[in-house]
Amino acid sequence: MKIRTAEIIRLSIPFTDGSSGVGLMPQQWTHLDVALLKLTTEDGVVGWGDGFAYHCAGATIAALQDMVLPHVVGAEIDDIPAFNHLLQKRLHLHGRYGITIFAISAVDTALWDIAAKQQGVSLARLLSDSPRPSVPAYASLVRYGNPEQVAAFTADVVARGYQTVKLHEIALDCIQAGVEAAGSGVRVTTDVNCNWSLDEAHRMMPEMKRLGLYWVEEPVFPPDDAATLGALQARHGVSIASGENACTLTEFRRTIPMIDFVQPSVTKVGGVSEAVAICDAAAEAGKRVMPHSPYFGPGYWATVQVTAAKPNAELFEFFWIQPEAFIDPTIPTPVDGRITVPDRPGIGFEPDPDVLAKYRVA
Ligand SMILES: [Mg+2]
């Protein structure tokens, strides 16, 4: 394929989540910032991607405009993973990870969307001869910070058919409230987002064991300290999950041997190419993948497709917030805890022009 044009669309979509709005992100979080990328080939096929953009949409867009897209527009691309690596090599002087790889992730996702459309199949079918028609999802609650709210939201998602619930709670009373509200037969995890000190982690992990958590996610800082994560898992016998803040297979090669669950994020890790390579490397090591879902843009749709294609991708993460609008209102959201995988060509995403017009940021 040869890319003729690239267009970037910046969006800001308000959402509600029932929380105080602080805790998960470094700043108060009220809007979904989206750096949407549209690539069009010489013969008119359109591909969509997005790079991680929360609180950094301007930076991701600048990286796309100034660093990445000059290498993409006009390029003849036959092998997407090879082209992705070429971009990484050409741009490594800007820093291998963070904003640089977020921007590359947007391009890579759009290229895979185009490749699948050119073959007339869904991305899942392009990646696998026997993709799953639907994938199980877990409800990923935000941090509420008080046991009553944790219990109420947990009970609500269990009543909606979710069999796995992820809390983002860091205090024992809140985590315990979630486990008790979930009841028997429902798996509960918590995402600490690196908030515990190592001493706190050693105090909390036996409690997590007692409560039977399915995994503990990113318990300590820094999340790329694979040796410490591996030591916590081995010492306390509770599965650790990590990876949403790691980039490329190179980083994942360090964590895959150390922990039970790896969590590549399509919009952060280097796109579909790197996410697929990480799933395959994890499968070789006998490890399962719990992909971090990059919320509700093209990265979400691509993650659904990758999850369907890779047998060791166990659960799709469905973030429990309520955006004012979805960019594509036909977005496949979980019903009874399962997502039906779109079976139209590409990743399935097609933005609603009215949504683009309403939420566009100049
Ligand atoms: Mg997480």
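Residues numbered from 1 in each chain as written. Predicted model: local features only at pLDDT ≥ 70, side-chain atom pairs only at ≥ 80, totals over all residues. Heavy atoms only, no water.

Colleague: How would you explain the sheet that holds strand β3 (residues 46–51) if you had to name every residue and give the values?
Modeller: An order of β3-β2-β1-β12 is seen for the four strands of this open sheet, with the pairing classed as antiparallel. Bordering the open sheet on either side are β3 and β12 (322–323), each of which pairs with just one other strand. Lying over the sheet, helix α1 (residues 57–68) contacts β1 (3–16), β2 (31–41) and β3, oriented at roughly 175° with respect to β1. (Pairing = 2+ DSSP bridges. Helix = DSSP H or I, 4+ residues; strand = E, 2+ residues; numbered from the N terminus. Contact = heavy atoms within 4.5 Å. Axes fitted to C-alpha atoms, helices over the stretch in contact; angles between N-to-C directions.)

Colleague: Requested: an account of the pattern of salt bridges, with residues and values cited.
Modeller: What the rule picks out here adds up to 13 salt bridges. Its salt-bridge partner being K166, residue E217 comes within 2.8 Å of it at the nearest N-O pair. Here K166 lies in strand β5 (residues 164–167) and E217 lies in strand β7 (residues 216–217), a separation of 51 residues in the sequence. K166 carries the same exposure label as E217, and that label is buried. What emerges from the salt-bridge pattern is a single network uniting K166, D191, E217 and E317. (Salt bridge = Lys/Arg side-chain N within 4 Å of Asp/Glu carboxyl O. Buried < 20%, exposed > 50% of the residue type's maximum accessible area, 1.4 Å probe, protein only.)

Colleague: Could you give an account of the pairing of strand β4 (residues 134–140), naming the residues involved and the relevant values?
Modeller: Burial of β4 is extensive: seven of the seven residues sit out of reach of the surface. Note on the crossover from β4 through helix α5 (residues 147–159) to β5: the handedness is right-handed. (Right-handed = clockwise from strand over helix to strand, strands pointing away.)

Colleague: How would you summarise the packing of aromatic side chains if you had to cite specific residues and measurements?
Modeller: Evaluation of the coordinates by the stated rule reveals 22 aromatic pairs. On the basis of an interplanar angle of 75° and a centroid distance of 5.8 Å, the ring pair of W48 and F349 is categorised as edge-to-face. Of this pair, W48 sits in strand β3 while F349 sits in the loop between β13 (338–340) and α13 (353–359), and the two are 301 residues apart along the sequence. Given a relative accessible area of 4%, W48 falls into the buried group. By relative accessible area, F349 is classed as buried at 1%. Seen in terms of ring centroids, Y138 and W215 are 5.5 Å apart; in terms of plane orientation they differ by 80°. Their pairing is edge-to-face. Of this pair, Y138 sits in strand β4 while W215 sits in the loop between α7 (198–211) and β7; the two residues are 77 residues apart in sequence, bridging distant segments of the chain. Assessed through its relative accessible area of 0%, W215 is described here as buried. (Phe/Tyr/Trp six-rings, centres within 6.5 Å; stacked < 30°, edge-to-face > 60°.)

Colleague: Go over the coordination of the magnesium ion with me, naming the residues and quoting the values.
Modeller: Ligation of the magnesium ion by protein atoms is provided by D191 (OD), E217 (OE) and E244 (OE), these donors lying 1.8 to 2.2 Å from the ion. Sequence positions of the donors to the magnesium ion reduce to the motif D-x25-E-x26-E. Here the residue D191 occupies a position in strand β6 (residues 187–191), and E217 occupies one in strand β7, the gap between them amounting to 26 residues. For the pair D191 and E217, one class covers both residues: buried. (Donors = N, O, S within 2.8 Å, 3.2 Å for Na, K, Ca; no water.)

Colleague: Requested: an account of helix α11 (residues 271–284), with residues and values cited.
Modeller: Counted at 1.5 Å a residue, the expected span for α11 with its 14 residues is 20 Å, and the 20 Å between its end C-alpha atoms agrees. With 10 of 14 residues buried, α11 lies mostly within the body of the structure. Of all the residues in α11, the buried ones are G271, V272, S273, E274, A275, V276, I278, C279, A281 and A282. Phi turns positive one or two residues past the end of α11, at G286, with a value near 75°. (Expected span 1.5 Å × (residues − 1).)

Colleague: Tell me what's going on with the domain arrangement of the protein, and back it up with residues and numbers.
Modeller: We note that the domain assignment places domain 1 (3–120) and domain 2 (125–351) within the protein. Facing the 42 residues of domain 1 at the interface are 43 residues of domain 2. Here domain 1 and domain 2 share an interface that buries about 3300 Å² over both sides, 66% of which is from carbon and sulfur atoms. Looking at the side of domain 1 facing domain 2, the largest losses of area belong to L24, W48 and Y97, adding up to 17% of the total buried there. (Domains from an automatic or database assignment. Buried area = accessible area lost by both parts, 1.4 Å probe.)

Colleague: Account for the packing of helix α3 (residues 99–119) against α11, with residues named and values stated.
Modeller: Look at α3 against α11: their axes get within 5 Å of each other, and the N-to-C directions meet at 85°. Our classification of the angle between α3 and α11 gives roughly perpendicular. Residue-level contacts link S105, D108, T109 and W112 of α3 to G271, V272 and S273 of α11. For the contact of α3 with α11, the per-class residue count stands at two nonpolar, four polar and one charged. (Parallel < 35°, antiparallel > 145°, perpendicular 65-115°, else oblique. Nonpolar A, V, L, I, M, F, W, Y, C, P; charged D, E, K, R; others polar.)

Colleague: Lay out unusual backbone geometry with the relevant residues and their values.
Modeller: Cis geometry is found at the peptide bond from F221 to P222, where omega equals 0°. Tracing the backbone through its elements, the reader meets P222 in the loop between β7 and α8 (226–236). The phi dihedral of H55 falls on the positive side, at around 65°, and the residue is not glycine. As for its placement among the helices and strands, H55 is situated in the loop between β3 and α1. The phi dihedral of C194 falls on the positive side, at around 70°, and the residue is not glycine. Among the structural elements, C194 can be located in the loop between β6 and α7.

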